[in-house]
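# Fold and geometry: a report
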Amino acid sequence: MTDKLKSNLIKAVLILAAGGLDFSVNYLFNIVLKVPLFLDTTFMIAILFIYGPVESFLAYLVNMLCTATRLYALYGSTEFIYLYSLSAITIISITWAFIKYTRKNSSQKLSVNRLYIRFLTASIIAAVACSLVSGIISYFTYQQNVDEWAFDKIIFSIQINSIRGGYY
């Protein structure tokens, strides 16, 4: 086995594992623990740092296919779920821009504090942008979707309960 083939095989396994882990972590928090944390991009971002935006999006697609399979098995529908890929693209784009900016503008070695502040800033910007994109998608899909399948129920229960003043 050549080194290039071995490298590509490792890359493919890591992408598949990242997508599966993102699905598993998100399922654990949202479905099992009923905690409104959407951690379905954690390992996708790790792949972004290691390989780049294309591979990161492939990891997200693995996660999305797992989610779509689960929704189809439970509800017989995956309507609108693929629109949420726009959120992932938003996160990937902002984070990738941060990575490129940091690499380009840091000819000198950055201190841990400066690197942390840049990473925190990029995370906050990506979270706000993703929330806006997902909120807009959720609003329009909720208006169109009479059956209210689980993904929309989670998003809108968070909004309704936060207006009422609590989750319980």
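Described in the following lines is the structure provided in the data block. Just so you know, these numbers come straight off a predicted model, no measurement behind them.

About the thresholds
- Residues numbered from 1 in each chain as written.
- Predicted model: local features only at pLDDT ≥ 70, side-chain atom pairs only at ≥ 80, totals over all residues.
- Heavy atoms only, no water.
- Helix = DSSP H or I, 4+ residues; strand = E, 2+ residues; numbered from the N terminus.
- Buried < 20%, exposed > 50% of the residue type's maximum accessible area, 1.4 Å probe, protein only.
- Contact = heavy atoms within 4.5 Å.
- Core = buried A, V, L, I, M, F, W, Y, C linked by side-chain atoms within 4.5 Å.
- Expected span 1.5 Å × (residues − 1).
- Patch = residues over 30% accessible without salt bridge, like charges linked within 9 Å, V, L, I, M, F, W, Y side chains within 5 Å.
- Areas by Shrake-Rupley, 256 points an atom, 1.4 Å probe, with all protein chains shown as cover.
- Salt bridge = Lys/Arg side-chain N within 4 Å of Asp/Glu carboxyl O.

Bringing the overall build of the protein into the picture now. The number of helices and strands found in the protein is six helices and zero strands. Mapped in sequence order, the helices and strands of the protein form the string α-α-α-α-α-α. In the protein, which comprises 168 residues, the proportion classed as buried is 35%. At a minimum sequence separation of 6, the contacts of the protein that also span at least 24 residues come to 63%.

Looking now at the environment of Ser 85. Along the chain, Ser 85 turns up in helix 4 (residues 85-104). You can call Ser 85 buried: its relative accessible area is 10%. The contacts of Ser 85, once residues within four sequence positions are left out, are Phe 57, Tyr 60 and Met 64.

Note on soluble globular proteins: their nonpolar side chains tend to be buried together. Judged by nonpolar contacts, the single largest core of 17 residues is most densely connected at Met 44 and Tyr 60. The set of elements that each furnish at least two residues to this core consists of helix 2 (42-50), helix 3 (53-75), helix 4 and helix 5 (112-144). Considering every element that reaches this core, the biggest residue donor is helix 4, with five residues. The contact partners of Tyr 60, leaving out residues within four places of it in the chain, are Met 44, Tyr 84, Ser 85 and Ala 88.

With 23 residues, helix 3 extends 32 Å between its outermost C-alpha atoms, agreeing within 8% with the 33 Å of an ideal straight helix rising 1.5 Å per residue. Those residues of helix 3 that sit buried are Glu 55, Ser 56, Ala 59, Tyr 60, Val 62, Asn 63, Met 64, Thr 67, Ala 68, Arg 70 and Leu 71. In the segment just after helix 3, Gly 76 is the residue with positive phi, at about 70 degrees.

Looking at where Asn 26 falls in the secondary structure, it is placed in helix 1 (residues 3-32). Residues in contact with Asn 26, not counting those within four places in the same chain, are Ile 31, Leu 37, Phe 38, Leu 39 and Asp 40.

By the secondary structure assignment, Arg 70 is in helix 3. Dropping the residues within four chain positions of it, Arg 70 is found in contact with Phe 23, Tyr 27 and Ile 31.

Turning our attention to a nonpolar patch on the surface. A cluster of nonpolar residues, Tyr 116, Ile 117, Leu 120, Ile 124, Val 128 and Leu 132, forms a patch on the protein surface that exposes about 600 Å² of accessible area. Position of Val 128 relative to the elements: it lies in helix 5.

Here we take up the environment of Leu 65. Position of Leu 65 relative to the elements: it lies in helix 3. When its relative accessible area of 53% is taken as the criterion, Leu 65 is described as exposed. Taking the C-alpha atoms as reference, Leu 65 lies 10.0 Å from Thr 78; in sequence the two are 13 residues apart.

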